[in-house]
Every structure is written in C-alpha cells, then in structure tokens.
Amino acid sequence: MLFKYCFKHCKLNVLNCRIMSVFTQKLNPILGESGWESQDEHYDFHQEIARSSFADMLHDTERNQKYYEAIKLAINKMHSLGRPAKVLDIGTGTGLLSMMAVKCGADSVIACESFSPIADCAKKVVALNGFGDRIRIINKQSVDLTVGEGGDLVEKANILVSEVFDTELIGEGAIITFNHARLKLLEDDCIVVPSSALVYAQVVETQWAQNWNGFKDLYSNDGELLVQAPLDIKNCPGSSAVHDIQLSQLPPSSFKTLVAPHLVARFDWDQTSSYTYLGDTHVIPVKAISDGIAQVVFMWWELIMDTKGEVILSCAPYWAHPLRKSNTNLTNLSIPWRDHWMQALYYLPKCKSVRRDQDLSLVACRDQFSWWFYLESHAETQNNFAMPHCECGLHTSHSRTKIGMMNDNIRNKKYLSVLEKFVNADSVVLFVSDGFYLGLAAAKLGAKKVFYLKDNYFSTSLLEKCIKANNITNCEILQNCDSLKPKNVNFVMGQPHFFTSILPWDGLFFSYMLQKLRGSLSDNCVIAPKSVSIKGLIVQFHDLQKIRLPLGLVEEFNMKPFDELILSSSSKCDDKVEAQPLWEYPCIAQSAVKEFVNLNLETLTDAKTYDSSVKFQVEGDSNYNGVALWTDWDLDGTSKNVITTGPIISPEVGQWIQWDMHTRQGVHFLKQDKKKTITSQFHFNAQ
C-alpha cells in the first residue's frame, strides 16, 4: 500500500498541440503564490462531479429505506382510491427514488435533475436497472417544467417525491421548490414525500462553542490583563451564517441545557398555507430548566415521511433522537450517521442571563433560505428581530475554526509562556501570522518594538482596532519585509496559521517568510516555532470513509455508472490528502504514531528536497480505512510548548482518538486490504 504526498511549486508547461488541455491557477499555500497547472480539458466538469457529494447521501441507509417505505405507502394509497400513481421526482440525482417508485407500482414516473452530468448519469443508472422505458428524466430545474400538451408533463402529477434539504432544511431552496410544485405541477389532492418537516431548537450555555463567536480578553498566568478585546467586537451581534457540525460528537460536559428542545416551526409540504413563502417569525413560549447564560441555539429537523405520521426520519443529536425513547443507552455512535445533513449552531445576537423556571420567549426567524434566533423576556417580544450581521469585522475576517483557535486557552498559555521567556526591554519582535492578535501581549510584556507583517485588509483593520483599544504605542504594521532595518529583529514568532492554510503543514509558509526576512534578523534572533514535525497513523474511521466509498448496490439497485463517474472525476482533480475536522468523525488508532519528517524552520530551505519512507505496522487483525496526518509545532525546543494540530492525548492502539478541535487534519483514505504493513512515502520540495 503506497501513500504519497508532494508539495509542488506550480509552473507553466508547454503542451503537445495534439492534446487538448486547460490551464488552471492553483495556490501554493507554502509559498503564498499562485501558479498555473495543465489539466484535462474537462477539468471543471470533473471538479463539479467530484464535489457533488451525492455518495455519502446514498450511503445513508436509513434515509433510503424510509423514502422507500413512504413512496410505497403513497402509491398504495393512490391505488386504493382507484387513481393512477403519477409520480414526479424533483432533484432525482442518480434516479434512486424514481426507481423505487417504479418498483412500488407507480403508473408513470417523471424525474427532473438540473445538474447535466448527473442527469446523464441517472439515465444510465435507470437503463442499467431495466427501467429505461419506465422513467423519463428531464434535465431542468423543477421551476422550469411545463405542463400540458407538448410540455414536460402532459398532466399534473399526484405524488411528489423530493429530497432538496440541507442542514438548515431550507438552505437549498426547499420552500421555493415545494411551493412551486404544489401550485403548478401537482393536482390538488396530491401526496408529497416527505409529507412534513419539523424544526427543533435547544438553548444552551457553552463556553466551548461561544469561543467560536467572539474574541476573549487575554490574561497572563498571574491574572494581569494583557490584550483587551475592542468594545465593538464584544458588542457585535455576530453573523447569522449557520455553523453546521456533527453535534453528537460534542462532549456532554461542554454545554448545559437552559431551554429543552422545542418545536419551533412546521412545514406541511402539501399545503402552501402551512408556511409563509418569503419568511416568518415564530415566538415560542418556553421555560428555563437551569440557571445560566444563554449563548447558543442548537437546531435540527425531522421529516414526517408519510401522511399518517408513522415514518419519521430524524437528524436530531443522540440525546434528543427519537430512537432514545426505546433505548435510553443510545450513544453518539448509535444513531444513523450522515454528513449531508448535520446539526446547526446559531449564536444568539445577545447573550442572556436566565434563571431556572423563568418564562421566556424563544424567537425563531427565517427567510427563504436561512434561520436566526433570539431569546427574550416576554415583555420584549415586540422587538424587531432583524437578521444579525457582523458589525465589527471579526466574523467576516475569520472562520469559526480560526476564532476558536484564537480563544483556545491551551494554545494561548503556550504562546504566552514563550513570550514571557524571551521578551525583554531590548526585544524587537516581529509576528508573521494572519490574525495573531495575542502577539500584542509582547508590548505589555515590555518589548522595545513590535512589528506585524500586513496580511489582508480585514485582519489588518481588526489589528489596528486592538492596538487602539489597548493603548499600545510601540506597535507598527508593515506593508512588506523591505520596511525592516537590517539585523534589527531579534525575535520572530508565528502561530503559524495563514488565510491560505487548509492542511496542517500549510503553515510552512512561515519558514518561507523567514527566508525572505533573513537580512532583517539579528545573528542571535530567536525563532518560534523552531521546528515542525509531520506525523501520522493508521486509523479505522467509524463513518467518514463513506464519503469516498463506491456505492455498489443501494437497496438492490445497481449504481455502477455513478460509481464510475465519481471515481473517474475524483482521480482527475482530487488531491490524495484532504482536510477534515476529525473531532467530528470518530476513529480508532490501528497503528503506532510515526514521524515522517522533522523540519528545522530556520534552515528549511537550505536543502532542496526532503524524502522519507515510513512503514506502519497494523496491529493484530485490525480493520483500517485511512491515514490521519497532522503537524506538531515546537515553539522553543521544549516538550512543554508544542502546538499540535493532531491528537490532544497520545493515541493508544485500539482506542478512540481525541483530536484537536481548532484545526483540520489531513486524511488519506485506504482500501481495506488487510495488510500488516503499510508503506507511506513523503516528498517535500523546499525550493
């Protein structure tokens, strides 16, 4: 088994004129530069296909089976009324639901799919399974379908089957789709699968999640205030953008429920009168069950698949899942897994102190595509519940993960430890990282001068606010390296994290910048971090592998054309290593940790290339399906001040791994070949 990852400096190639190709611009995050690469002439097509994310949805067995059951019930009901079952499948994808309808006895099936490559693939899948003459697939959006003589539908359908949902339920245009279909494409007494959708919300206190939504004041180990967040950041309502995560993977100790889960909205898809088309506000009377500070709303939804309300498809986290009624021992690994529908976090525009048994109003607001929430006292329910927008710049400048990293106490203590160790009255300090506001502590620790290399406009604007809010007078933001005096800087520090960073080792841009700064660094300049170690281990993912696994058979339908299309496109445009937040995707260690390479950041570019070969020994008869990769950044050469982007506790073979929650790890999926030894090769072109 061979795994290989290369860092490449992109360059323009001359092509044989007989081969049609296209040039694509690709960012090299380590050099901070863009280059041109020659790609297959259908590269854009293949990229769209590889990113379509249909596969993990079709691996969702519960989803497939409950749609199948509901379709059968709908068709049987139509037949029991003496009516033909005329099925319309909107957003057919591979044609799976349409084939289910035929198998269940539908008299006619028309399916539409707006994404042309998938529409063509659906025709092949349908034909392979023997339904080519029973299912008509139209490459259109449903709102463009016509009804009548010579139209796409000769007559209106009486059964609608559709799956156009996302984590927010309505983010992919479900309201528009169902509303148009009900008014224009369906008979009055139709059946819709799913029949209804229920939206639930739970209010919690959770400093862990709140850390992803603000900027905390920074204190020294002695309690001295070092960096104060500007008032406009503290008072900012934040962004209404959904934060979708695998909520079941949250440690139970990381939040306290203040308002138990409540039904906040219902959509009956066969009745347009059940919801407001453009938007709505629902005020739900609730009672607090605990004292605390209301900070975050957890949201999820359920689909009622049939008209009797007996077939339920739930996206609830494990502690609120319907299956828990029959199994109180349900765990985070016991409920059906899905990555296409997760749960949502919404940050309250203003945190609110609540008391146990206090009567409150939970306000659920939406437009056609998104949600936002307020928690108010009853007397305040006449407020204008406008969609919150970031007013401070923090939420538009940085990702949730980056904000969480900025507020991570474990990281910050290590950075401060190094600053306190090296900063003195003679220190001329340079920070090379994007959004490293903690560095302002160097000024409070007595540094002679503090420099920041300018990054993007928004981050620089925030840095200027922080400098002003903390009355710092010896800090300067530089436009470029040329502004520094020769041999002037005696301390350089980085997180290192940059706006271009995706994979853990993309922070090596820090080393590239060091080389550009060499003339400005004193002979005894302290560099932090000093080195980086790239590490990995063999793992068995509980579910994550499903996002790349071929489908084979789905409910006995052959998906071979789809598998071939996805695999072909993925091989043309996907990197061998992808970034994933592994704290959300449980996995078990199946080998010991191995180090690929340890790089001295001061002398990194002195060598042209770095090559290594690592052999992982798979323990016992263990199953495995991937390699997890990360970096450890050694700030000062001590084991005490190492910033890891990997496991926060040393992994043990056969045990679940606890991952850093503020970064993404690198993942390479493996075929499960039952080999005892897996060889990985590492190649890094430092030039």
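Residues numbered from 1 in each chain as written. Predicted model: local features only at pLDDT ≥ 70, side-chain atom pairs only at ≥ 80, totals over all residues. Heavy atoms only, no water.

Looking at an unreviewed UniProt entry, one finds the protein named Protein arginine N-methyltransferase 7 and attributed to Photinus pyralis. We quote the UniProt Function (unreviewed entry) comment for the protein here in full: "Essential arginine methyltransferase that can both catalyze the formation of omega-N monomethylarginine (MMA) and symmetrical dimethylarginine (sDMA). Specifically mediates the symmetrical dimethylation of arginine residues in the small nuclear ribonucleoproteins SmD1 and SmD3." (UniProt positions renumbered as here; feature names shortened; annotations may be inferred.)

Engineer: Break down the overall build of the protein for me, with residues and values.
Structural biologist: Each helix and strand in the protein was counted, giving 15 helices and 35 strands. In terms of overall size, the protein behaves like a compact globule, its C-alpha atoms giving a radius of gyration of 28 Å where 687 residues would be expected to give roughly 26 Å. Reported as C-alpha extents along the three principal axes, the dimensions of the protein are approximately 90 × 70 × 50 Å. In the protein, which comprises 687 residues, the proportion classed as buried is 57%. Here the contacts in the protein between residues at least 6 apart in sequence split such that 77% fall between residues at least 24 apart. On the protein, roughly 29500 Å² of surface is accessible, and the fraction owed to carbon and sulfur atoms is 48%. Treating the 67 positive side-chain charges of the protein as one cloud and the 77 negative ones as another, the clouds have centres 3 Å apart. (Helix = DSSP H or I, 4+ residues; strand = E, 2+ residues; numbered from the N terminus. Rg over C-alpha atoms; globule rule 2.2 N^0.38 Å. Buried < 20%, exposed > 50% of the residue type's maximum accessible area, 1.4 Å probe, protein only. Contact = heavy atoms within 4.5 Å. Areas by Shrake-Rupley, 256 points an atom, 1.4 Å probe, with all protein chains shown as cover. Lys, Arg positive; Asp, Glu negative; His and termini not counted. Charge placed at Lys NZ, Arg CZ, Asp CG, Glu CD.)

Engineer: I'd love a proper account of the packing of aromatic side chains, names of residues and values included.
Structural biologist: Taken as a whole, this structure holds 35 aromatic pairs when the rule is applied. Centre to centre, the rings of tryptophan 208 and tryptophan 212 are 4.6 Å apart; their planes meet at 55°, and the pair counts as tilted. Accessibility expressed as a relative area gives 16% for tryptophan 208, which makes it buried. Through pairs of rings, three or more aromatic residues link up here, namely Phe165, Phe178, Phe267, Trp269, Tyr275, Trp301, Trp341, Tyr346, Trp371 and Phe373. (Phe/Tyr/Trp six-rings, centres within 6.5 Å; stacked < 30°, edge-to-face > 60°.)

Engineer: Can you explain the UniProt feature "domain: Protein arginine N-methyltransferase" (unreviewed entry) in the protein? Please cite residues and give values.
Structural biologist: As recorded in UniProt, the sites labelled "domain: Protein arginine N-methyltransferase" (unreviewed entry) are residues 225-363. Overall, residues 225-363 shows 3% helix and 43% strand. The separation of its end C-alpha atoms is 36 Å.

Engineer: Outline the confidence of the model for the protein, supporting the account with residue identities and numerical values.
Structural biologist: Per-residue confidence for the protein averages 90 on the pLDDT scale, and 92% of its residues sit at or above 70. Below a pLDDT of 50 lies the segment residues 1-25, which in the model reaches 70 contacts outside its immediate sequence neighbourhood of four places, other chains included. (pLDDT = per-residue confidence, 0-100.)

Engineer: Got a sec to walk through the sheet that holds strand E7 (residues 157-162)? Specific residues and values, please.
Structural biologist: Spatially, the five strands line up as an open sheet ordered E6-E5-E4-E7-E8, and their pairing is parallel. Looking at strand neighbours, the two that pair on one side only are strand E6 (135-138) and strand E8 (186-193), the edges of this open sheet. Recorded for the sheet is a direction-independent mean angle of 25° between the axes of neighbouring strands. Two elements, E7 and E8, share four bridges in a ladder whose sense is parallel. If you follow valine 161 over to E8, its bridge partner there is valine 193. (Pairing = 2+ DSSP bridges. Axes fitted to C-alpha atoms, helices over the stretch in contact; angles between N-to-C directions.)

Engineer: Please set out the pattern of salt bridges residue by residue, giving values where relevant.
Structural biologist: Considering all chains together, one arrives at 24 salt bridges under this definition. Salt-bridge contacts for arginine 63 lead to glutamate 163; the nearest nitrogen and oxygen are separated by 3.6 Å. On the criterion of sequence distance, the pair formed by arginine 63 in helix H3 (residues 61-80) and glutamate 163 in the loop between E7 and helix H6 (174-185) is long-range, its members being 100 residues apart. Across the pair, glutamate 163 and arginine 63 agree in class, each one buried. Close ionic contact of glutamate 476 with lysine 449 constitutes a salt bridge, the shortest N to O distance being 3.6 Å. Of this pair, glutamate 476 sits in strand E22 (residues 475-478) while lysine 449 sits in strand E21 (residues 449-453), and the two are 27 residues apart along the sequence. (Salt bridge = Lys/Arg side-chain N within 4 Å of Asp/Glu carboxyl O.)

Engineer: Give me the lowdown on the sheet that holds strand E19 (residues 371-376), citing residues and values where you can.
Structural biologist: Taken in spatial order, the three strands make up an open sheet running E14-E18-E19, and their pairing is antiparallel. At either end of the open sheet lies a strand with only one pairing partner, and these are strand E14 (280-287) and E19. Sheet twist, expressed as the average angle between the axes of neighbouring strands with direction ignored, equals 20°. With eight bridges joining them, E14 and strand E18 (residues 359-366) adopt antiparallel strand pairing. Considered in E18, the bridge of histidine 282 is made with alanine 364.

Engineer: Can you break down the nonpolar core residue by residue, with the values?
Structural biologist: With 97 residues, the main nonpolar core has Phe165, Leu169, Phe267, Trp269, Leu303, Trp371 and Phe373 as its most contacted residues. Looking at which element gives the most residues to this core, the answer is H3, with seven residues. If you count residues domain by domain, this core takes at least three from each of domain 1 (54-193) and domain 2 (197-213 + 221-377). Beyond its immediate chain neighbours, meaning those up to four positions away, leucine 303 contacts Tyr67, Phe165, Leu169, Pro194, Ser196, Ala197, Val311, Ile312, Leu313 and Trp341. (Core = buried A, V, L, I, M, F, W, Y, C linked by side-chain atoms within 4.5 Å. Domains from an automatic or database assignment.)

Engineer: So what's going on with the environment of phenylalanine 267? Which residues, and what values?
Structural biologist: Examined against the element boundaries, phenylalanine 267 turns out to sit in strand E13 (residues 256-268). Those residues in contact with phenylalanine 267, other than ones at most four positions away along the chain, are Leu169, Ile170, Ile175, Ser195, Ser196, Ala197, Val199, Ser274, Tyr275, Arg366 and Trp371.

Engineer: With reference to specific residues and values, describe helix H11 (residues 409-422).
Structural biologist: Taking 1.5 Å of rise per residue, the 14 residues of H11 would be expected to cover 20 Å, and the 20 Å separating its terminal C-alpha atoms lies within 8% of that figure. Among all positions of H11, only Arg411, Asn412, Tyr415, Leu416, Val418 and Leu419 are buried. For H11, the arc enclosing every buried residue in end-on projection is 160°, short of the 170-degree limit, so these residues lie on one face. Away from its buried face by more than 90 degrees, H11 exposes Ile410 and Lys413. (Expected span 1.5 Å × (residues − 1). Arc of directions from axis to C-beta.)

Engineer: Hey, could you go over the environment of leucine 128 for me, with residue numbers and the actual values?
Structural biologist: Tracing the chain through its elements places leucine 128 in helix H5 (residues 116-128). Take leucine 128: its relative accessible area is 45%, and that puts it in the partly exposed class.

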